[in-house]
Amino acid sequence: MDKRQDALDYHASGRKGKIEVVSTKPCTTSRDLSLAYTPGVAAPCLEIKDNPEDAYQYTAKGNLVAVLSNGTAVLGLGNIGALAGKPVMEGKGVLFKRFSDIDVFDIEVNTEDPEEVIKVCRLLEPTFGGINLEDIKAPECFHIEEELKKCMNIPVFHDDQHGTAIITSAALLNALHLVKKKIGKVRVVVNGAGAAAIACANLIITLGVKREHITMCDSKGVIYKGRTEGMNRYKERFAADTPFRVLGEAVAAADVLLGLSVKGAFSGEMIRKMARDPIIFAMANPDPEITPEEVKAVRDDAIMATGRSDYPNQVNNVLGFPFIFRGALDVRATAINEEMKIAAVHALAQLAREDCPDSVCRAYGNVKFTFGRDYIIPKPFDPRALLRVAPAVAGAAMDSGVARQPIADMERYMEHLEALQGKSKEIMRHIINMAKADPKRIVLPEGEHEKILRAAQIMIEEGIAVPILVGNRAAIGKKAEDLHLDLDGVSIIDPEESPETERYAQVLFELRQRKGVTLSEARRMIRRKAGTYYGSLMVCLGDADALLSGIDAHYPDIIRPALEVIGKQEGLSSVHGLYMMVFKKGIFFLADATVCIDPTPAELAETAILAAETARVLEIEPRVAMLSFSNFGSVKHPHALKVKRAVEIVKERAPGLVVDGEMQADTAVTPEILAENYPFSSLKGAANVLIFPDLTSGNICYKLLSRLGGAEAIGPILMGMKRPIHVLQRGDDVADIVNMAAIAVVDAQTGARQEPRGSDSGAEGNVAIS
């Protein structure tokens, strides 16, 4: 594979480069144009003239960062000039947008004079909420940043210095924790004396490393007191009173070796001379000072990090700058100070010690990441980094007095950050908050499954639910120990030892004795590995409020026992399945997408009413469209007539519900079509509850929207049971399980529906359970 050509094709294909400007306001009519530009634009101009802070209200300033460079130190390419560095600056803008929804203008300044760079930045202050200095060589970069911090009232941050220092420091804290060494006692060698190296040394001193315990080297050797060759005032601060003159001497008995220099700078002999459990960060790019394989050949007790993604423990600045600026911008900070950087360090270090989400593991080839020697720093695609680092930085800005707009409600701010990651995060945070208001007991019959155990811990930690694990107690305990999970507060029920098991068997026998089930078989049924009968009986008898299962079972294996033990609500023809489809700008409820194969008009009506009730429980006002290939009688066909009759039944049973049909799908979601062609329709806006005429269309639609339409599917949500029973999908990750648990809790909060006593109606025939 020609990677160079791949990179060139990537940048040249389609619209050239990697970024574009997209309008956030409509500009399709003459009225829009008059508001966007003259004469309407004069109004915000005059407001800002009278009150400059209003620029944050009426312009993009508050979410706009300049990525500014003169191209004198571009990656490992050196001084290639401002224009040649532009692809890097555009790429930085992509990362800002991707990871923290910050807009960027890349600014390439064609000068090597630091005073001119300073002047340009000062003149640009009205445009931006912050400035990210990038790829400016040392020592000029130090002078530029120092002077700008003195005279500017927006954050100025040289990422090559401080971004690298923050990620390195977080990794170092965790490495020291693992080898049980105190930060105030370790001896550190820093190889390299450029922007990143000096920033790393300064920051680890702030964290507790003693300055006299640091030896810094550059291409001339050890930086020692009295040395004159290749020195500047920034290196002078690290001139050590030491007899060492070369790197090979300095590393003897050192605890930490930080490389911010060049390929091959470290040798196996150097590593061999270091102290026990040496910590080696070889961060030269694209090739490290020494590879993990070379270190492994001489030491088996080392902790190793590099700047490369193909080795464990990648020190990657994308873990820092998007989230640091996010926190700084959101409080309108006047600077990014030491307190904010330290807050980011601790937030990242702590995040690496938490359970790693399945979504992150999938992004890296389904590798399981657990805090340890090969995982001391979070992965760049960990979505939690935004939610940990930005609030920590914002909080530190407020505490240190540089925040001009403090955040009054940090919990609401967290919800805002989750919304930046997608509409589904916003929706689920709302549902989780509803669940936390009144947590319910959720029985999890697959209690020995790793994902269930990890989800149970999150439910307890966040106060979402009271999980009850069903399974072998010893197996659950062993697996929890292996996964380093704390299940304190989680109930564990082992059917083999529980005194309730025999009572449950008797109840199951009473329910099914005329359906061919003997008492001995009832005892076997509740002990089956899936545990669905056991869990259903717990819900039936009030020992749990809801059941959640299916991570390792087929859908029918969950539905059938639940129907036999608990049953569907009286008066219903069937149970029904619903999916929430979350798009960037809205949410739709799709039903039935999982259960009823070929529903009758009455069953379609049930689906519509239950789906509307579910939307209301989740505090979304339903607007229901009954879908067909016909628009209000345009086609006379039995399939269309079935939907038409279902609409009539819904209006009879739920006269207050906004519902209409039969109609085509585009009609349902396009208000203009309804208004122009069907003004008589009771739907006056786009429908948000879409009822499909059969399982084929519903199932196909939700899967296509999920795979091709950019929607995220949340569900399936089972409707129509006498008690809350919800089904997981095989392949669900831990976050999906937690989300479904929250939905089950909210469902249980609505109170008892009917006395559960099993049924067979719906357990066969028109229900997709076989």
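Residues numbered from 1 in each chain as written. Predicted model: local features only at pLDDT ≥ 70, side-chain atom pairs only at ≥ 80, totals over all residues. Heavy atoms only, no water.

Student: In this structure, what is going on with the overall build of the chain? I would like to understand it.
Tutor: A count of helical and extended segments in the chain gives 31 helices and 21 strands. Referenced to the eigenvectors of the C-alpha coordinate spread, the extents of the chain come out at roughly 95 × 75 × 50 Å. Classification of the 770 residues of the chain by burial places 53% in the buried group. As displayed, the chain has an accessible area near 33,700 Å², and 53% of this comes from carbon and sulfur atoms. The averaged location of the 103 negative side-chain charges in the chain is 1 Å from the averaged location of its 91 positive side-chain charges. (Helix = DSSP H or I, 4+ residues; strand = E, 2+ residues; numbered from the N terminus. Buried < 20%, exposed > 50% of the residue type's maximum accessible area, 1.4 Å probe, protein only. Areas by Shrake-Rupley, 256 points an atom, 1.4 Å probe, with all protein chains shown as cover. Lys, Arg positive; Asp, Glu negative; His and termini not counted. Charge placed at Lys NZ, Arg CZ, Asp CG, Glu CD.)

Student: What should I look at first to understand the sheet that holds strand S8 (residues 256-259) in this one?
Tutor: Think of a sheet as strands paired side by side through backbone hydrogen bonds, with each pair either parallel or antiparallel. The six strands lie next to each other as S7-S6-S5-S8-S9-S10, forming an open sheet whose pairing is mixed. Two strands close off the open sheet at either side, each with one partner strand: strand S7 (221-222) and strand S10 (303-306). As paired elements, strand S9 (residues 279-282) and S10 share four bridges and run parallel to each other. Within S10, the position partnered with Ile 280 by the bridge is Met 304. This element, helix H9 (residues 195-207), spans strand S5 (188-191), strand S6 (214-218) and S8 of the sheet and lies at about 175 degrees to S6. (Pairing = 2+ DSSP bridges. Contact = heavy atoms within 4.5 Å. Axes fitted to C-alpha atoms, helices over the stretch in contact; angles between N-to-C directions.)

Student: Please explain a nonpolar patch on the surface as it appears in this structure.
Tutor: Together, Leu 75, Leu 77 and Ile 80 give the surface a local cluster of nonpolar side chains, amounting to about 300 Å² of exposed area. Within the element layout of this structure, Ile 80 appears in the loop between strand S1 (64-69) and helix H5 (86-100). (Patch = residues over 30% accessible without salt bridge, like charges linked within 9 Å, V, L, I, M, F, W, Y side chains within 5 Å. Salt bridge = Lys/Arg side-chain N within 4 Å of Asp/Glu carboxyl O.)

Student: How do you make sense of the confidence of the model for the chain when you look at a structure like this?
Tutor: Regions with low pLDDT should not have their predicted coordinates read in detail. Looking at the chain, the pLDDT average stands at 91 and 96% of residues meet or exceed 70. Every residue in residues 761-765 scores below 50 in pLDDT, and together they form 11 contacts with partners more than four places removed in sequence or on other chains. (pLDDT = per-residue confidence, 0-100.)

Student: Even after reading the chapter, I still don't get the side chain of His 726, so can you show me in this structure?
Tutor: By the secondary structure assignment, His 726 is in strand S21 (residues 725-727). Here the side chain of His 726 touches Asp 747 through a polar contact of 2.8 Å, side chain to side chain. Aside from chain neighbours lying at most four places away, what touches His 726 is Leu 547, Leu 548, Ser 549, Pro 716, Ile 717, Leu 718, Met 740, Ile 743, Ala 744 and Asp 747. (Polar contact = N/O pair within 3.5 Å; in protein donor to acceptor, adjacent residues only side chain to side chain.)

Student: Whenever I open this one, H5 confuses me. Can you help?
Tutor: Every α-helix carries 3.6 residues per turn, so stepping three or four residues along brings you back to the same face. Along its 15 residues, H5 runs 21 Å from first to last C-alpha, staying within 8% of the 21 Å computed at 1.5 Å per residue. Considered for burial, the residues of H5 that qualify are Met 89, Glu 90, Gly 91, Lys 92, Gly 93, Phe 96, Phe 99 and Ser 100. Asp 101 occupies a position one or two residues after H5 and carries a positive phi of about 60 degrees. (Expected span 1.5 Å × (residues − 1).)

Student: Sorry, what's going on with the sheet that holds strand S3 (residues 130-133) here?
Tutor: Strand order in the open sheet formed by four strands is S2-S1-S3-S4, and the pairing between neighbours is parallel. Every other strand in the sheet has two partners, leaving strand S2 (103-108) and strand S4 (156-158) as the edge strands with one partner each. Taking each pair of neighbouring strands and ignoring which way they run, the sheet shows an average axis angle of 20 degrees. Of the strands in this sheet, S3 and S4 are in contact with helix H7 (residues 140-151), which crosses S4 at around 165 degrees.

Student: Any chance you could explain the pattern of salt bridges here in plain terms?
Tutor: Oppositely charged side chains can pair when the atoms bearing their charge come close. Per the stated rule, a full pass over the model turns up 47 salt bridges. Where Asp 355 meets Arg 454, a salt bridge forms, and the shortest distance between an N and an O atom there is 2.7 Å. You can see Asp 355 sitting in the loop between helix H15 (338-352) and helix H16 (358-363) and its partner Arg 454 sitting in helix H20 (residues 450-462), a full 99 residues away along the chain. Of the residues examined, Arg 454 reaches a relative accessible area of 3% and is grouped as buried. Close ionic contact of Glu 497 with Arg 473 constitutes a salt bridge, the shortest N to O distance being 2.6 Å. A residue pair is termed long-range when its members are at least 10 positions apart, and Glu 497 in the loop between strand S13 (491-493) and helix H22 (501-512) and Arg 473 in helix H21 (residues 473-482) qualify at 24 residues. Each of Lys 86, Glu 90, Asp 106 and Glu 108 takes part in one network of salt bridges that share partners.

Student: I keep staring at the side chain of Glu 446 and nothing clicks. Help me out?
Tutor: Residue placement: Glu 446 occurs in the loop between strand S11 (441-444) and H20. Here Glu 446 is buried and forms no salt bridge, its nearest opposite-charge partner Arg 730 lying at an N-O distance of 7.1 Å. Here Gly 550 takes part through its backbone nitrogen, which lies 2.8 Å from a polar atom of the side chain of Glu 446.

Student: How do you make sense of the pairing of S3 when you look at a structure like this?
Tutor: Two faces, one strand: in a regular strand the side chains alternate between the faces of the sheet. Across the two faces of S3 the burial is the same, with Gly 130 and Asn 132 and Ile 131 and Leu 133 all buried. Pairing geometry for S1 and S3, over four bridges, is parallel. Each bridged residue has a counterpart across the sheet, and for Ala 66 the counterpart in S3 is Ile 131. Assessed by its sense of winding, the connection that carries the chain from S3 through H7 to S4 is right-handed. (Right-handed = clockwise from strand over helix to strand, strands pointing away.)

Student: Mind showing me how you'd approach the packing of helix H26 (residues 601-617) against helix H27 (residues 638-653) here?
Tutor: The relative placement of two packed helices is expressed as an angle between their axes plus a distance between the axes. Between H26 and H27, whose axes approach to 8 Å, the crossing angle comes to 55 degrees. One element, H26, and the other, H27, form an angle in the oblique class. The chirality of how H26 crosses H27 is right-handed. Counting all contacts with H26, which are made through Pro 601, Ala 602, Leu 604, Ala 605, Glu 606, Ala 608 and Ile 609, the residues of H27 involved are Lys 642, Val 643, Arg 645, Ala 646, Ile 649, Val 650 and Arg 653. The residue inventory of the contact of H26 with H27, partitioned by class, reads 10 nonpolar, no polar and four charged. (Parallel < 35°, antiparallel > 145°, perpendicular 65-115°, else oblique. Left-handed = near helix turned anticlockwise from the far one by under 90°. Nonpolar A, V, L, I, M, F, W, Y, C, P; charged D, E, K, R; others polar.)

Student: Sorry, what's going on with the nonpolar core here?
Tutor: Within soluble globular proteins, side chains that are nonpolar tend to cluster in buried spots. Grouped together as the largest cluster of nonpolar side chains are 105 residues, with contacts concentrated most on Ile 131, Leu 133, Ile 166, Val 188, Phe 281 and Met 340. Excluding residues within four positions of it along the chain, Met 340 makes contact with Ala 328, Ala 333, Ala 335, Val 393, Ala 396, Ala 397 and Val 402. In terms of nonpolar packing, the next biggest core, distinct from the first, is built from 69 residues, Ile 432, Leu 469, Ala 605 and Val 738 among them. (Core = buried A, V, L, I, M, F, W, Y, C linked by side-chain atoms within 4.5 Å.)

Student: Even after reading the chapter, I still don't get H27, so can you show me in this structure?
Tutor: Counted at 1.5 Å a residue, the expected span for H27 with its 16 residues is 22 Å, and the 23 Å between its end C-alpha atoms agrees. Of all the positions in H27, only Ala 640, Lys 642, Val 643, Ala 646, Val 647, Ile 649 and Val 650 are classed as buried.

Student: Teacher, can you tell me more about the state of the cysteines here?
Tutor: A covalent bond between the sulfur atoms of two cysteines is what we call a disulfide. In total, this model carries zero disulfides according to the counting rule given. For Cys 27, which is in no disulfide, the shortest distance to another cysteine sulfur is to Cys 45 and amounts to 16 Å. In this structure Cys 27 comes out as partly exposed when scored by relative accessible area, which is 45%. (Disulfide = S-S within 2.5 Å.)

Student: Even after reading the chapter, I still don't get the packing of helix H17 (residues 384-400) against helix H18 (residues 410-420), so can you show me in this structure?
Tutor: Closest axis-to-axis distance for the H17/H18 pair is 10 Å, and the angle between their directions is 140 degrees. Between H17 and H18, the angle is such that the two are oblique. For H17 against H18, the interelement crossing comes out right-handed. Across from Leu 386, Leu 387, Ala 390, Pro 391, Ala 394 and Met 398 in H17, the residues of H18 making contact are Met 410, Tyr 413, Met 414, Leu 417 and Glu 418. Across the contact of H17 with H18, the residue classes tally to 10 nonpolar, no polar and one charged.

Student: What should I look at first to understand the pairing of strand S16 (residues 586-591) in this one?
Tutor: Counted residue by residue, S16 has five buried out of six residues, so it is predominantly covered. The turn linking strand S15 (residues 576-583) back onto S16 is made up of two residues. As judged from the three bridges shared by S16 and strand S19 (residues 689-691), these two strands associate in the parallel manner. When the sheet's bridge partners are listed, Phe 589 is paired in S19 with Val 689.

Student: Is there a simple way to explain the packing of aromatic side chains in this structure?
Tutor: On inspection of all chains with the given rule, the structure shows 14 aromatic pairs. Taken together, a centroid distance of 5.5 Å and an interplanar angle of 75 degrees make the contact between Phe 96 and Phe 325 edge-to-face. You can see Phe 96 sitting in helix H5 and its partner Phe 325 sitting in helix H14 (residues 321-330), a full 229 residues away along the chain. Its relative accessible area of 0% is what places Phe 325 among the buried residues. Taking 6.1 Å as the distance between ring centres and 80 degrees as the angle between the ring planes, the aromatic pair formed by Phe 105 and Phe 128 counts as edge-to-face. Remark: Phe 128 occurs in the loop between helix H6 (114-123) and S3 and Phe 105 occurs in strand S2; sequence separation between them is 23 residues. Through pairs of rings, three or more aromatic residues link up here, namely Phe 96, Phe 157, Phe 321 and Phe 325. Arg 211 extends its terminal NZ or CZ atom over the ring of Phe 238, reaching a point 5.0 Å from the ring centre. (Phe/Tyr/Trp six-rings, centres within 6.5 Å; stacked < 30°, edge-to-face > 60°. Lys NZ or Arg CZ within 6 Å of the ring centre and 35° of its normal.)

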